[in-house]
Amino acid sequence: MTATTTRSIDWKRFSDAIAGIEIIRDATQVAKLSKDYYTYSPLLVEQLSDKVGDLVVRPTSEAEVLKVAKACVQQRIPLTVRGAGTGNYGQCIPLQGGVILDLTKMQAVKWIQPGIACVEPGVKLAALDKQARETGWEIRMAPSTYRTATIGGFIGGGSGGIGSITYGQLRDRGNLLAVRVVTMEDEPRVIELRGDDVQKVNHAYGTNGIITELEIPLAPAYPWAELIVVFDDFMTTATFGQALGDADGIIKKLVTICADPIPGYFAALRSAIPPGSHVALVMVAEQSLEPFKAMVKEWSGSICYEKSAQAAKKGTMLLEYTWNHTTLHARTVDPNLTYLQTLFPYDPELKLLEHMYQHFGDELMMHLEFIRVAGCVLPAALQLVRYSTPDRLHEIIRYHEEKGAFIANPHTYILEDGGRKTVDPVQLAFKEAMDPYGLLNPGKMKAWEMRDRS
Ligand SMILES: Cc1cc2nc3c(=O)[nH]c(=O)nc-3n(C[C@H](O)[C@H](O)[C@H](O)COP(=O)(O)OP(=O)(O)OC[C@H]3O[C@@H](n4cnc5c(N)ncnc54)[C@H](O)[C@@H]3O)c2cc1C
């Protein structure tokens, strides 16, 4: 286990400085809270399994976060922020030990106005959604970890999800309105970022500021019906997904496509889905069901599962079979499976997607999530991969890139090596100013690590 053993830290001095704030020292608990869901990647398992923090601190307010920040800066202790720890790329694994700052106790919804909510970072997405819906609004997008993930972690380490078919991704201007951030300067302070300035900390893996409050835009709430449509062949299913995504008059929140044999991994849905079928899992506003069903007919699909919005409140949640929950269910049956994250270029005929489907055959199982990117609806694939070796995985990634598909690599914990591919000078400059000792989630921002070496 690698905790902060190389430097001598006076932990008594640290705990005195934050007296009154919950500290977890129990080794089993600390080890548990040093993990996330990087286990989907065999490459990350190799690199991260032995990483562990020294202790966990659980503040309940921004004032307490300021105290912890100051105590860490005084002794140059690394600090890694954590929400629910459901990230898939080891985003909140403490690479250099130190303090894990668990923000799950900061879960107040401060206010909800028409179209905007102001929340603390530890609020769970489902809890916020529930409160917003009571006022006729709902969250614009959520990961499939909706029930457990926090809003702070979604902004810090997520990308998009259920709702991205309409509202795009978290990085899109307008999907995060404002944040309050605690700095790691000699005298930590709170600063507020609004407008485009929010991009300084948006999807920065908690490397350049501790988010203590967020203003999140909301969407008008709809009653979402949940349906599964089956088709005989994969490309008809995929082009149905594209056409549904492009159907501007049909209000939808989710368009997921899974090629056979993926539906076979969905234990709770297996009795509804005929064996050997390719499926579309969708959430459609009840007001749009009639035109939606006309479209299913036109595409010769058949509906094998339908729940009204009222019925969908109980039992199986369809969204928990989509996005990376698809991978979760598949890995429960076959732990040797891993996955890719691919964005295909805009093409209503899906030619490149079809090529990849044919080319890789059984080695890659196609799972698509249709999302809106700069006004166009595109298939983002989270293909299931029958894993063999690291070299083969890299070869598959290279092949996609050479053919023009974009890979957001889920097999790296480095911020820039995932989806971004380039250094973000704005986020680096913000880190230099707000975290001059490089204590926040060290080892994750390549630009900072390279700067240290030069
Ligand atoms: C089954 C499964 C399905 C998933 N589906 C999706 C999906 O559909 N879409 C998607 O985008 N992701 C998905 N994920 C990844 C993850 O669940 C989401 O991104 C989730 O929103 C992360 O929230 P969290 O509270 O667990 O964050 P954590 O994992 O705790 O943290 C994520 C990152 O944010 C940083 N962070 C956390 N809180 C703060 C803060 N207050 N200030 C600054 N930085 C902070 C952490 O340091 C870390 O780098 C999935 C994961 C699993 C296991």
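The paragraphs below set out a description of the structure included in this document. (Residues numbered from 1 in each chain as written. Predicted model: local features only at pLDDT ≥ 70, side-chain atom pairs only at ≥ 80, totals over all residues. Heavy atoms only, no water.)

### Let's talk about empty space enclosed by the protein
No. 1: The full count for this structure, using the stated rule, is one cavity of 30 Å³ or more.
No. 2: The calculated volume of the largest cavity comes to roughly 90 Å³.
No. 3: What lines the largest cavity is simply L125, I139, R140, M141, I151, F154, I155, L170, N175, I216 and P217.
No. 4: By residue number, the principal contributor to the lining of the largest cavity is helix α6 (residues 151–157), which donates three residues.
No. 5: Classifying every residue of the lining of the largest cavity by side-chain character gives nine nonpolar, one polar and one charged. (1 Å grid on protein atoms, 1.4 Å probe; cavity = no way out; pocket = protein on both sides within 12 Å on 5 of 7 lines; lining within 4 Å. Points joined across faces, edges and corners; volume = space filled by probe spheres on them. Helix = DSSP H or I, 4+ residues; strand = E, 2+ residues; numbered from the N terminus. Nonpolar A, V, L, I, M, F, W, Y, C, P; charged D, E, K, R; others polar.)

### Details of the site of the ligand
No. 1: Neighbouring residues of the ligand: 36 residues in total, closest V81, G83, T86, T150 and G160.
No. 2: Interatomic distance of 3.1 Å between a side-chain N/O atom of S144 and a nitrogen atom of the ligand.
No. 3: Between the ligand and S159 there is a distance of 2.7 Å, counted from an oxygen atom to a backbone nitrogen or oxygen.
No. 4: For the ligand, whose accessible area on its own is 970 Å², the fraction buried by protein is 97%.
No. 5: Within the residue set of the shell around the ligand, elements represented by two or more residues are β3 (79–82), α6, β10 (210–220) and α10 (324–333).
No. 6: Among the residues making up the shell around the ligand, the classes are represented as 14 nonpolar, 21 polar and one charged. (Near = heavy atom within 4 Å. Polar contact = N/O pair within 3.5 Å; in protein donor to acceptor, adjacent residues only side chain to side chain. Areas by Shrake-Rupley, 256 points an atom, 1.4 Å probe, with all protein chains shown as cover.)

### Describing the layout of surface pockets
The gaps left among the atoms become clear once a water-sized probe is rolled over them.
No. 1: Considered as a void within the structure, the second largest pocket measures approximately 680 Å³ in volume.
No. 2: Together, 25 residues line the second largest pocket, and D129, R133, Y146, K313 and M317 are the ones closest to its centre.
No. 3: Elements that contribute at least two residues to the lining of the second largest pocket include exactly α5 (125–133) and β11 (224–231).
No. 4: Split by residue class, the lining of the second largest pocket holds 15 nonpolar, two polar and eight charged.
No. 5: When residues of the lining of the second largest pocket are assigned to domains, at least three fall in each of domain 1 (109–220) and domain 2 (224–407). (Domains from an automatic or database assignment.)

By themselves, these are just geometric observations and shouldn't be taken as functional.
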